[in-house]
Amino acid sequence: MDMLMDREVIRNEALLLLTHLTREAEEIQKIVVFEGAYEKIFSIIREEGNSDGGVVVQDCLELLNNLIRSNASNQVLLRETIGLDSLILILKLRGSSYSFTQQKTINLLSALETIKLLLKGGSEADPGKDANKQTNKTVLVQKKVLDHLLILGVESQWVPVAVRCAALRCIGDLIAGDSKNLDLLASKVLGEEPQVEPALNSLLRIILRTSSMQEFIAADYVFKNFCEKNADGQAMLASTLIPQPYSMNHSFLDEDVNMSFGSMLLHGLTLGENNGDLETCSRAASVLSHILKDNLQCKERVLRIQIEASMQTLGASEPLMHRMVKYLALASSMKSKDGKSNATGNSYVQAIILKLLVTWLADCPNAVHCFLDARPHLTYLLELVSNLSETVCIRGFSAVVLGECVIYNKSTDSGKDAFSIVDLISQKVGLSSYFLKFDEMHKSFVFANVESSLTHRSFSRSSAASMADIQEIDENDLSEKKNMDHPVLSSILDSYFVNFVKRLEEDIRQQIVEVYSRPKTNVAVVPAEIEQKSGESDGEYIKRLKAFVENQHSEIQDLVLRNATLAEDLAKTGSSFQSEQRGSGGIDRVQIETLRRDFQEASKRLEMLKAEKAKIESEANMYQNLAGKMEADLRSLSDAYNSLEQSNLQLENEVKALRGEGVSTFPDVEAIKAEAREEALKESEGELNDLLVCLGQEQSKVDRLSARLLELGEDVDQLLEGIGDDAGAAEDGDDEEDAE
């Protein structure tokens, strides 16, 4: 640290040593900071000429970035000790603004990385990260950092592309999740009178006109963060989307600087009508997807936009959504015609338009209805899903759009309802093959690299030169990659969209299985339908039960057909899987496990359907048996009633006959009494004789016991004394208790 104030040669070597020591070691970072590193670093930068200085400025900024990277406490010390004015000073352009050496570019990129680190706020594990990030944003905005970033990223035409991209990304980070900064950007006006326009219009112009893919990605990042959880901002931008007459709508962007944001965006969306400029169309579609994201009001508003047909076709106007699907199909046809030259570029166009459709249809039944209004849309999507010449992401996104047409479908029209779409998927693609498209998409290079594309490499001497030439990245050798997704998709897609698609996939799987496993007409099985209603005759009840059983039977037949279709689909999947396994021994194990797991899941679903079918059949048999039993009971009751009526009639006839003869037969009561008395006497005499016999037997036992006791020398009389009295006393006690 003392050597930093030494001679220039020693100072420069000390700087290099400190940059190496502070990259990973937090303890050394703390020591360096408390030894006054910030003051010495910015002192050296001022001596060297700020951004116009040489490689020493780069080394100082690299050391500064090492000290504040993922370290909130060091950022607080920087902010509260020397402040951020010295850092903002580095971003100011001096002298000839069009003169940019490679070293100046690297110095500006290093300073912009410092801004980016401050806007990040610290490491993810730091509990005070969010509060520190918000404080950093507030201080930077107070220091007018947004104006300097807009000059570097938007206004200055001579700034290298790498610096413009870094400045635009800093603007995106500055406004992310901050309502005040969002309003500040929306209110910014760039240019000089009379050629002035809102900053958002200038950003949109960059997106539509730039030849650099990286600059488009960076400007698109600003719009993404501007629209994120900003319903008012989205509504403000959507309110400017007013269709213009065809001639005005297809004028060149340079001709009218005063075009509104919406007119410029619609111009970009429909620019491919004549000259086939689908890349500009797809870039505008990316901006539109941000405006519509999670905002139902904006989706409904844009649905009502009608685009006039070209003067050549003289056709009727059509919804903007239909025009976007038209361009999607046009990109596919151009790719098949162009061969190598533009194949990958058009796949990127298709993917962005499909991303717009995925965003638009989400939670918007009216958008689904508008999409399905044109029958060819569904047919084209089914072709995209099953077309193996398309890239993995295009097939996956098309599958997602089809799934949204199922889960957000509120239509009851035949051919447009969810049931019809699931049937089409099953017939044209196959359910197992359809679900595989999701797994392939999640394993694709694009989805796997979404998170890594967002991570920013730290600057060092070895990487600075290559990062300064950022405009060449992802632009070379694309024509050699056949059936591969454009690498730029990893930057356009974000983790939110990837997670959103994953959640959609779960809902799509559940909804399709639910729709596919139930009949078109649901018959509710409620206990009340089995019971006889009050006032309902037996015949009507039996008829109703028969009708219920017939409905159950028709449902069973429907389920049987569906089970057969599922079994056929699974058989095809299994056979194709086995043939692929035999033909190619080097198939990825993960893919094999996925296929096996999907096959097992489908088998389980088939078993569940079979069990449900058996359950319904058993219920139908139970209802049939119940109806038969009730019919038998009714017949037996009817027979019993008839026999009772006949017996009653016979008895009535007998009574009438007896009355006619005048005979009255009365039993002899006295004779019956005498006979009963004799019987009772006979029974009592028999019981008395039995009792006397028992007493005699007991007396003989007492005599024998008395003789034995005498032999043993016991006094028998004394032993027997009081036994009768005890028994009498006991009987008296019982009588008293009974009396009580």
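- Per an unreviewed UniProt entry, the protein chain goes by the name Golgin candidate 6 isoform X3 and belongs to Cicer arietinum.
- The protein chain has a UniProt comment under Subcellular location (unreviewed entry) that states "Golgi apparatus".

1. Let's talk about the overall build of the protein chain
Part 1 of the reasoning: Helix and strand counts for the protein chain stand at 37 helices and 4 strands.
Part 2 of the reasoning: Burial analysis of the protein chain (740 residues in total) assigns 45% to the buried set.
Part 3 of the reasoning: A total of about 39000 Å² of accessible surface is found on the protein chain, and carbon and sulfur atoms cover 52% of it.

2. Quick look at the packing of helix α12 (residues 199-209) against helix α18 (residues 278-292)
Between two packed helices, both the angle of their axes relative to each other and the distance between the axes serve to describe the pair.
Part 1 of the reasoning: At a closest axis distance of 8 Å, the pairing of α12 and α18 adopts a crossing angle of 145°. Of the residues in α18, those touching α12 at L204, I207, L208 and R209 are T280, R283, A284 and V287.

3. Some points on the pairing of strand β1 (residues 189-192)
Part 1 of the reasoning: Pairing of β1 with strand β2 (residues 195-198) involves 4 bridges; the strand directions are antiparallel. Along β2, the bridge assignment pairs L190 with E197.
Part 2 of the reasoning: Taken together, β1 and the strand that follows it, β2, pair antiparallel across an intervening segment of 2 residues.

4. Quick look at the packing of aromatic side chains
Part 1 of the reasoning: This model, assessed by the stated rule, comprises 5 aromatic pairs.
Part 2 of the reasoning: In textbook terms, an aromatic cluster arises when at least three aromatic residues are bridged by ring pairs, as seen for Y434, F435 and F438.
Part 3 of the reasoning: The cationic tip of K104 hangs over the ring face of F100; the distance from NZ or CZ to the ring centre is 4.7 Å.
Part 4 of the reasoning: The ring of Y496 has K293 sitting right over it, with the charged end atom 3.8 Å from the ring centre.

5. Some details on the side chain of S202
Part 1 of the reasoning: Looking at the element boundaries, S202 is found in helix α12.
Part 2 of the reasoning: Those residues in contact with S202 that sit more than four places away from it in its chain are V154, L190 and E197.

6. Quick word on the nonpolar core
Part 1 of the reasoning: Membership of the largest hydrophobic core comes to 163 residues, with the highest contact counts inside it found for L265, L320, F371 and Y434.
Part 2 of the reasoning: Ignoring any residue separated from it by four or fewer positions in sequence, one finds Y434 in contact with V385, A399, L402, G403, I425, V429, I508 and I512.

7. Things to note about a nonpolar patch on the surface
Part 1 of the reasoning: On the surface, L688, L691, L692 and L695 cluster together into a nonpolar patch covering about 400 Å² of accessible area.
Part 2 of the reasoning: Mapped onto the fold, L695 is located in helix α35 (residues 669-711).

8. Describing the side chain of K137
Part 1 of the reasoning: Positionally, K137 belongs in helix α8 (residues 129-142).
Part 2 of the reasoning: D178 provides the closest opposite charge to the buried, unpaired K137, separated from it by 5.0 Å.
Part 3 of the reasoning: Discounting chain neighbours no more than four positions away, the residues touching K137 are L119, D173, L174, A176, D178 and N181.

9. Thoughts on α12
Part 1 of the reasoning: The buried count for α12 comes to 10 of 11 residues, which makes it a mostly enclosed element.
Part 2 of the reasoning: Those residues of α12 that fall on the buried side of the exposure criterion are A199, L200, N201, S202, L203, L204, R205, I206, I207 and L208.

10. Some details on the environment of E714
Part 1 of the reasoning: The topology assignment puts E714 in the loop between α35 and α36 (716-720).
Part 2 of the reasoning: Residues contacting E714, with those up to four places away along its chain left out, are L709 and L719.

11. Points about unusual backbone geometry
Part 1 of the reasoning: Residue N50 is not a glycine yet carries a positive backbone phi of 55°.
Part 2 of the reasoning: Considering the arrangement of structural elements, one finds N50 in the loop between α3 (37-48) and α4 (55-68).
Part 3 of the reasoning: Given a relative accessible area of 8%, N50 falls into the buried group.
Part 4 of the reasoning: Its identity as a non-glycine residue notwithstanding, K144 has a phi of 65°, on the positive side.
Part 5 of the reasoning: With respect to the helices, strands and loops of the structure, K144 is situated in the loop between α8 and α9 (145-155).
Part 6 of the reasoning: By relative accessible area, K144 is classed as exposed at 52%.

12. As for α8
It helps to recall that an α-helix has 3.6 residues per turn; residues three or four apart then point in one direction.
Part 1 of the reasoning: In a regular helix each residue adds 1.5 Å, so 14 residues correspond to 20 Å; α8 covers 20 Å between its end C-alpha atoms and thus fits that length.
Part 2 of the reasoning: Taken residue by residue, α8 has K129, N132, N136, K137, V139 and L140 as its buried positions.
Part 3 of the reasoning: Those residues of α8 that are buried are in contact with α5 (72-81), α6 (85-91), α7 (102-120), α9, α10 (161-175) and α11 (179-187).
Part 4 of the reasoning: In the stretch just after α8, K144 is the one whose phi turns positive, near 65°.

13. Details of a negative patch on the surface
Part 1 of the reasoning: Among the surface-exposed residues, E675, E678, E679, E683, E687 and D690 lie close enough to one another that they form a single negatively charged patch.
Part 2 of the reasoning: If you trace the backbone, D690 turns up in helix α35.

14. Things to note about the pattern of salt bridges
Part 1 of the reasoning: Inspection of the entire model under this criterion finds 20 salt bridges.
Part 2 of the reasoning: With its nearest N and O atoms 3.2 Å apart, the salt bridge here joins D373 to K416. Taken together, the positions of D373 in the loop between α22 (365-372) and α23 (375-386) and K416 in the loop between α24 (392-407) and α25 (418-428) put the pair 43 residues apart, joining distant regions of the chain.
Part 3 of the reasoning: Classification of D373 as partly exposed rests on a relative accessible area of 42%.
Part 4 of the reasoning: You can call K416 partly exposed: its relative accessible area is 23%.
Part 5 of the reasoning: E440 is the salt-bridge partner of R395, the closest N and O atoms lying 3.4 Å from each other. Taken as a pair, R395 in helix α24 and E440 in helix α26 (residues 431-442) lie far apart in primary sequence, 45 residues in all.

15. Here's the deal with the packing of helix α16 (residues 261-269) against α18
Part 1 of the reasoning: Between α16 and α18, whose axes approach to 7 Å, the crossing angle comes to 135°. Between α16 and α18, the angle is such that the two are oblique. Note that α16 runs across α18; the crossing there is left-handed. Contacts between α16 and α18 involve F261, L265, G268 and L269 from the former and T280, C281, A284, A285, V287, L288 and I291 from the latter.
Part 2 of the reasoning: Its residues assigned to classes, the contact of α16 with α18 comprises 9 nonpolar, 2 polar and no charged.

Calculation rules
Residues numbered from 1 in each chain as written. Predicted model: local features only at pLDDT ≥ 70, side-chain atom pairs only at ≥ 80, totals over all residues. Heavy atoms only, no water. UniProt positions renumbered as here; feature names shortened; annotations may be inferred. Helix = DSSP H or I, 4+ residues; strand = E, 2+ residues; numbered from the N terminus. Buried < 20%, exposed > 50% of the residue type's maximum accessible area, 1.4 Å probe, protein only. Areas by Shrake-Rupley, 256 points an atom, 1.4 Å probe, with all protein chains shown as cover. Axes fitted to C-alpha atoms, helices over the stretch in contact; angles between N-to-C directions. Contact = heavy atoms within 4.5 Å. Pairing = 2+ DSSP bridges. Phe/Tyr/Trp six-rings, centres within 6.5 Å; stacked < 30°, edge-to-face > 60°. Lys NZ or Arg CZ within 6 Å of the ring centre and 35° of its normal. Core = buried A, V, L, I, M, F, W, Y, C linked by side-chain atoms within 4.5 Å. Patch = residues over 30% accessible without salt bridge, like charges linked within 9 Å, V, L, I, M, F, W, Y side chains within 5 Å. Salt bridge = Lys/Arg side-chain N within 4 Å of Asp/Glu carboxyl O. Lys, Arg positive; Asp, Glu negative; His and termini not counted. Expected span 1.5 Å × (residues − 1). Charge placed at Lys NZ, Arg CZ, Asp CG, Glu CD. Parallel < 35°, antiparallel > 145°, perpendicular 65-115°, else oblique. Left-handed = near helix turned anticlockwise from the far one by under 90°. Nonpolar A, V, L, I, M, F, W, Y, C, P; charged D, E, K, R; others polar.

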